[in-house]
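# Summary of the model geometry
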Amino acid sequence: MTHHPNSTCSVRVLLMGKSGSGKTSMRSIIFANYIARDTRRLGATIDVEHSHVRFLGNLVLNLWDCGGQDTFMENYFTSQRDNIFRNVEVLIYVFDVESRELEKDMHYYQSCLEAILQNSPDAKVFCLVHKMDLVQEDQRDLIFKEREEDLKRLSRPLACTCFRTSIWDETLYKAWSSIVYQLIPNVQQLESNLRNFAQIIEADEVLLFERATFLVISHYQCKEQRDAHRFEKISNIIKQFKLSCSKLAASFQSMEVRNSNFAAFIDVFTSNTYVMVIMSDPSIPSAATLINIRNARKHFEKLERVDGPKHSLHMRMR
Amino acid sequence: MEDDGRPLLGSIQAGDYYSDQTDSLDPRQRRPFHVEPKNIVEDSAQERVSAEASALNSRVHYYSRLTASSDRLLAPPDHVIPPPEEIYIYSPLGTAFKVHGKDGASKNPSIVTIFAIWNTMMGTSILSIPWGIKQAGFTLGIIILILMGLLTLYCCYRVLKSPKSIPYIDTSDWEFPDVCKYYFGAFGQWSSLLFSLVSLIGAMVVYWVLMSNFLFNTGKFIYNFVHNVNLSDSEFGTNGTDRVVCPYPDVNPHRYNNYTVYLGDNNTDTAVFDHWWSKTNTIPFYLIILLLPLLNFRSASFFARFTFLGTGSVIYLIVLVTIKAFRLGFHLEFHWFHSTELFVPEFRVLFPQLTGVLTLAFFIHNCIITLMKNNRNQENNVRDLSLAYLLVGVTYLYVGVLIFVAFPSPPLPKECLEPNFLDNFPSSDVWVFVARTFLLFQMTTVYPLLGYLVRVQLMGQIFGEHYPSFIHVFLLNVLIVSAGVFMARFYPNIGSIIRYSGATCGLALVFVLPSVIHMVALKRSGDLRWPSACFHSLIILLGVANLVGQFFM
């Protein structure tokens, strides 16, 4: 049963999990939101009012604490269930790997899945096994595999994709990059066109970022690069810059960085993306590259618009 | 959607908001003020950070922007931080320096180490050196000072080298008591602790006596100044502007009575003041109110800030001594073996008293390892230690010789030199008043530090922690203070206190333990030769003789 997006009700990405599993920190890190002291948990997160984080066009991120606290929350949750789980595009469920109540966690997860099946059966489900840095390094693969098997089994008939994450290594960034990659419409076409674009303008590397989170959706490189963590680092740098800009009530638009060895350009690309172009030939003037980017933009926007209006993101990559 | 006609990048030329921030619009002249040296593209062989550390650094930097600085929500937990070998310090110019050494503390150049040793060794024994030279005889005193300096320097060198000769164990953070424990087990540990405590508590008792003395004289000066009392006839001394007095002119120097002379002014007010402001009867008790609370502080870091006062007071004393010598002139006659009415012989039998004082004056053996640890060029340790001892010896020699020589012997016999040479100046002397006040203030800040060291060593050994409970610490402090008050009341002769405590703790920590440990280490590695064994046994005998001599001379 396909869902028809209501014009009054936006399409959601649900970020759920037991309270204390790390959702608020995750959201803050991925979306570059300042965590003010008072929103730290004094109780459960009732996040509906604060869900103004939009990404990928008009997807709205909702955070929900699921299970484990007082009966008020339980009742509110149960009574609002249909409202919460309607029009859900993506469910991201966060498990704390250190949790001592595995049975209870699975129980709550399953009740969320039931609600999804009832209200938004086409939603994609992702499970994040979080706080993996607390597990000893040699045991991480084992523990994650165990959890993954259990979760896949429990999630039938829905298919869930599992990731292991921690905010202290690159796994969080990679997991969310994969999630966002699956949510971009036409992403594979974007990728092939990106390769052509890069080769035409003779760029060393071209990156495509998601606009709100600066997660790298796709990239092209013409030669081996030294630093495997460069995507995350660039993401962090730009997000910090965005934070500084927002303090001045300015919004980040574009950037050029240049020295005798290279030139890098970051600019808006399509409605959902930013592009970063790296040229290692300093003799090519900036203006030339900038014109190239501008022209490419028109082309890429058409690609995005090809498949109909933005709000109805049908499931194409099943 | 964005206007296609607008240039893609905010044009530098057109932006008004840039113009008030820079002088030039040339992009090449505007440099960022902060460079993150992550991957500065140069192929020179610089130390590069590991990829994980660099990524973690980027994360930590970013996360710290997301919360308030006091919020620990996104602070990196300990298990995530790379081990010390992988920690680099970024320089803003693009290189990354690895931190060498386990503690990462900044290393000091030689001159700082030498100064730190000099500063630590310079104690109140400087006040007793002239008396010590007098007790040993002028020539013999100088010879003994030089010889004791060399001997204690050698023993200090032995202490410094002792952790290095322990095989198979990492001794980089060991202090001398740990070395003693390694060689002699619990006996070694406890004995080194005990003797270290003897030196510390001896110093604290001396401090109490001196503080009573200085407080007394300061109060007397102020009282006399306010009430215009002239005491020039009441004390036996020289005439003139630079008075030197002999507080106990015809009394056996081994018996100290409370010898107050009322001459001239039989004012009842003065009598009342003298009754309530007495050097041995009342002031030691007044000091309890000031100092006992200070001893109970949990941490001594506040008092450690005042170490500069010690340096200042030594320098002031040197200046004072120079001025007095200049004013009083030289009074020296050489009588080799017989004492005269005014002069003492050059060689006296009482010389062990000087050796006892000098053992404490040159004592730093319980903390030399720690002091030398932060020396930047460790290969220069021996040279720096020798230079420090040379400097200390020269300072003591200067003060001792000048005071002895300048002591005005035509009216006053040299025998009048007091164990605290400031006592030879009347309380009305302004220069000396300043010295006493300065020293009083300085001692008030060092006394809690010494108490803290006693507490740390004793409580740490017995109870395992530095502050077991308030009652324990309070009782310890009461004991220490009582010892000080008792001595100040009944036996305020700092010369004796210094020489007894110096010889006792010196026996173990200066003479016996370093030599025995060296001989045992050599024996274990099979390198013990007869000359070395004889020499070190001789040192041990000298240490024992030093202690025994205190009781007989």
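Residues numbered from 1 in each chain as written. Chains lettered and ligands numbered in written order. Predicted model: local features only at pLDDT ≥ 70, side-chain atom pairs only at ≥ 80, totals over all residues. Heavy atoms only, no water.

A tally of regular secondary structure across chain B gives 17 helices and two strands. The long-range share in chain B, meaning contacts at least 24 apart out of those at least 6 apart in sequence, stands at 78%. (Helix = DSSP H or I, 4+ residues; strand = E, 2+ residues; numbered from the N terminus. Contact = heavy atoms within 4.5 Å.)

What follows covers the overall build of chain A. Looking only at helices and strands, one finds nine helices and eleven strands in chain A. Within chain A, the proportion of its 318 residues that are buried is 52%. For chain A, the share of sequence-separated contacts (at least 6 apart) that also reach a separation of at least 24 residues comes to 69%. When the accessible surface of chain A is totalled, it reaches about 15,300 Å², and 51% of it is carbon and sulfur. (Buried < 20%, exposed > 50% of the residue type's maximum accessible area, 1.4 Å probe, protein only. Areas by Shrake-Rupley, 256 points an atom, 1.4 Å probe, with all protein chains shown as cover.)

Quick look at the pairing of strand β8 (residues 216–221) of chain A now. All names here are of chain A. Here strand β7 (residues 205–210) pairs with β8 via five bridges, running antiparallel. Counterpart to Val 206 in the pairing with β8 is Tyr 220. The turn linking β7 back onto β8 is made up of five residues, and Phe 214 within it adopts a positive phi angle of 55°. (Pairing = 2+ DSSP bridges.)

Residues and elements named next belong to chain B. Per the counting criterion, the structure on display carries 36 aromatic pairs over all chains. Relative to Tyr 183, the ring of Tyr 182 has its centre 5.1 Å away and its plane inclined at 85°; by these criteria the two rings are edge-to-face. An angle of 50° between the planes, with centres 5.2 Å apart, marks the rings of Tyr 500 and Phe 551 as tilted. Within this pair, whereas Tyr 500 is found in helix α16 (residues 494–524), its partner Phe 551 is found in helix α17 (residues 530–552), the two being separated by 51 residues in sequence. With relative accessibility at 56%, the residue Phe 551 sits in the exposed group. Members of the aromatic cluster, each reached through a chain of ring pairs, are Phe 138, Phe 334, Trp 336, Phe 337, Phe 347 and Phe 404. The positively charged end of Lys 414 is found above the aromatic ring belonging to Phe 404, 4.9 Å away from the centroid. We note Arg 499 situated over the ring of Tyr 500; from NZ or CZ to the ring centre the distance is 4.8 Å. (Phe/Tyr/Trp six-rings, centres within 6.5 Å; stacked < 30°, edge-to-face > 60°. Lys NZ or Arg CZ within 6 Å of the ring centre and 35° of its normal.)

Before going further, it helps to examine the interface of chain A and chain B. Counting residues at the interface gives 44 residues for chain A and 36 residues for chain B. Of the roughly 3,500 Å² buried where chain A meets chain B, counting both sides, 54% is carbon and sulfur surface. Of all residues in chain A, the largest losses of buried area upon contact with chain B belong to Trp168(A), Lys233(A) and Gln240(A), amounting jointly to 21% of the total for that side. Connecting chain A to chain B are one salt bridge. Residue Arg59(B) pairs with Glu232(A) through a salt bridge whose shortest N-O separation is 2.6 Å. The interface formed by chain A and chain B holds seven residue pairs in polar contact (both at pLDDT 80 or more) in total. (Buried area = accessible area lost by both parts, 1.4 Å probe. Salt bridge = Lys/Arg side-chain N within 4 Å of Asp/Glu carboxyl O. Polar contact = N/O pair within 3.5 Å; in protein donor to acceptor, adjacent residues only side chain to side chain.)

Below, the discussion takes up the packing of helix α14 (residues 430–462) of chain B against helix α15 (residues 470–490) of chain B. Residues and elements named next belong to chain B. Their axes nearest at 11 Å, the elements α14 and α15 cross at an angle of 125°. Our classification of the angle between α14 and α15 gives oblique. Relative to α15, the crossing made by α14 is right-handed. On the side of α14, the interface is formed by Tyr 447, Val 454, Arg 455, Leu 458 and Met 459, while α15 contributes His 472, Val 473, Leu 476, Ile 480 and Val 481. Residues belonging to the contact of α14 with α15 are distributed by class as follows: eight nonpolar, one polar and one charged. (Axes fitted to C-alpha atoms, helices over the stretch in contact; angles between N-to-C directions. Parallel < 35°, antiparallel > 145°, perpendicular 65-115°, else oblique. Left-handed = near helix turned anticlockwise from the far one by under 90°. Nonpolar A, V, L, I, M, F, W, Y, C, P; charged D, E, K, R; others polar.)

Attention shifts here to the packing of helix α5 (residues 138–161) of chain B against α17(B). Residues and elements named next belong to chain B. Packing of α5 against α17 leaves a shortest axis separation of 12 Å and a crossing angle of 115°. For the pair α5 and α17, the crossing hand works out as left-handed. Residues Leu 151, Tyr 154, Cys 155 and Arg 158 of α5 form the contact with α17, whose own contacting residues are Phe 535, His 536, Ile 539 and Leu 542. Of the residues in the contact of α5 with α17, the class split is six nonpolar, one polar and one charged.

Attention now moves to the sheet that holds strand β9 (residues 255–258) of chain A. Residue and element names in this part refer to chain A. Spatially, β8-β7-β11-β10-β9 is the arrangement adopted by the five strands of the open sheet, whose pairing is antiparallel. With partners counted over all chains shown, the strands left at the sheet margins are β8 and β9, one partner each. On average, adjacent strands in this sheet sit at an angle of 10° to one another, irrespective of strand direction. Running at roughly 35° to β8, helix α7 (residues 187–201) makes contact with β7, β8 and β11 (273–279) of the sheet.

Per the stated rule, a full pass over the model turns up six cavities of 30 Å³ or more. One number sums up the size of the largest cavity: a volume of about 70 Å³. Surrounding the largest cavity, 13 residues form its lining, Ile29(A), Leu172(A), Tyr173(A), Glu232(A) and Tyr63(B) being those nearest its centre. Contributing elements (two or more residues each) for the lining of the largest cavity: α1 (23–31), α6 (171–183) and α8 (230–247) of chain A together with α2 (51–63) of chain B. Tallied by class, the residues present in the lining of the largest cavity amount to seven nonpolar, two polar and four charged. (1 Å grid on protein atoms, 1.4 Å probe; cavity = no way out; pocket = protein on both sides within 12 Å on 5 of 7 lines; lining within 4 Å. Points joined across faces, edges and corners; volume = space filled by probe spheres on them.)

The next thing to look at is the state of the cysteines. Evaluated as defined, the whole model comprises one disulfide over all chains. At a sulfur-sulfur separation of 1.5 Å, the disulfide partner of Cys246(B) is Cys416(B). Here the disulfide of Cys246(B) and Cys416(B) is left-handed, its torsion about the S-S bond being about -80°. With Cys246(B) in the loop between α6 (176–227) and α7 (268–276) and Cys416(B) in the loop between α13 (381–406) and α14, this residue pair connects regions lying 170 residues apart in the sequence. Lacking any disulfide linkage, Cys162(A) is separated from the closest cysteine sulfur, that of Cys160(A), by 3.8 Å. (Disulfide = S-S within 2.5 Å.)

Attention shifts here to the pattern of salt bridges. Residues and elements named next belong to chain A. As enumerated under the stated definition, the model contains 14 salt bridges over all chains in all. A salt bridge links Glu 148 to Lys 152, with the nearest nitrogen and oxygen atoms 3.9 Å apart. Remark: Lys 152 and Glu 148 occur in helix α5 (residues 140–155); sequence separation between them is four residues, near one turn of the helix. For Glu 148, a relative accessible area of 21% corresponds to the partly exposed category. On the accessibility criterion, Lys 152 (39% relative accessible area) is partly exposed. Among the ionic pairs, Glu 205 bridges to Arg 230, the shortest N-O distance being 2.7 Å. Pair noted here: Glu 205 is in strand β7 and Arg 230 is in helix α8, with a separation of 25 residues, a long-range link. Of the two residues examined, Glu 205 and Arg 230, each falls in the buried class. Within this structure, Lys 18, Glu 101 and Asp 105 form a network of salt bridges that share partners.

All names here are of chain B. Compared with the 33 Å implied by 1.5 Å per residue over 23 residues, the 32 Å span of α17 between its first and last C-alpha is a close match. Within the span of α17, buried status applies to Ser 532, Ala 533, His 536, Ile 539, Ile 540, Gly 543, Asn 546, Leu 547, Gly 549 and Gln 550. For α17, the secondary structure elements touched by its buried residues are α5, α11 (351–361) and α16. (Expected span 1.5 Å × (residues − 1).)

This part is about the nonpolar core. One finds Ile368(B) and Tyr447(B) to be the most contacted residues of the largest nonpolar core, which totals 115 residues. Broken down by element, the residue count for this core peaks at 18 residues, all from α6(B). Residue contacts for Ile368(B): discarding those within four places in its chain leaves Ile117(B), Cys156(B), Val159(B), Leu160(B), Glu175(B) and Leu385(B). Counting 76 residues, the second-largest nonpolar core is a separate cluster that includes Leu207(A), Phe214(A), Leu56(B) and Tyr62(B). (Core = buried A, V, L, I, M, F, W, Y, C linked by side-chain atoms within 4.5 Å.)

All right, on to unusual backbone geometry then. Residues and elements named next belong to chain A. Between Arg 156 and Pro 157 the backbone carries a cis peptide bond, its omega angle lying at 5°. A positive phi angle is found at Asn 87, which is not glycine, with a value near 60°. On the basis of relative accessible area, Asn 87 is assigned to the buried category, the value being 5%. Not every positive phi belongs to a glycine, and Phe 214 is a case in point at roughly 55°.

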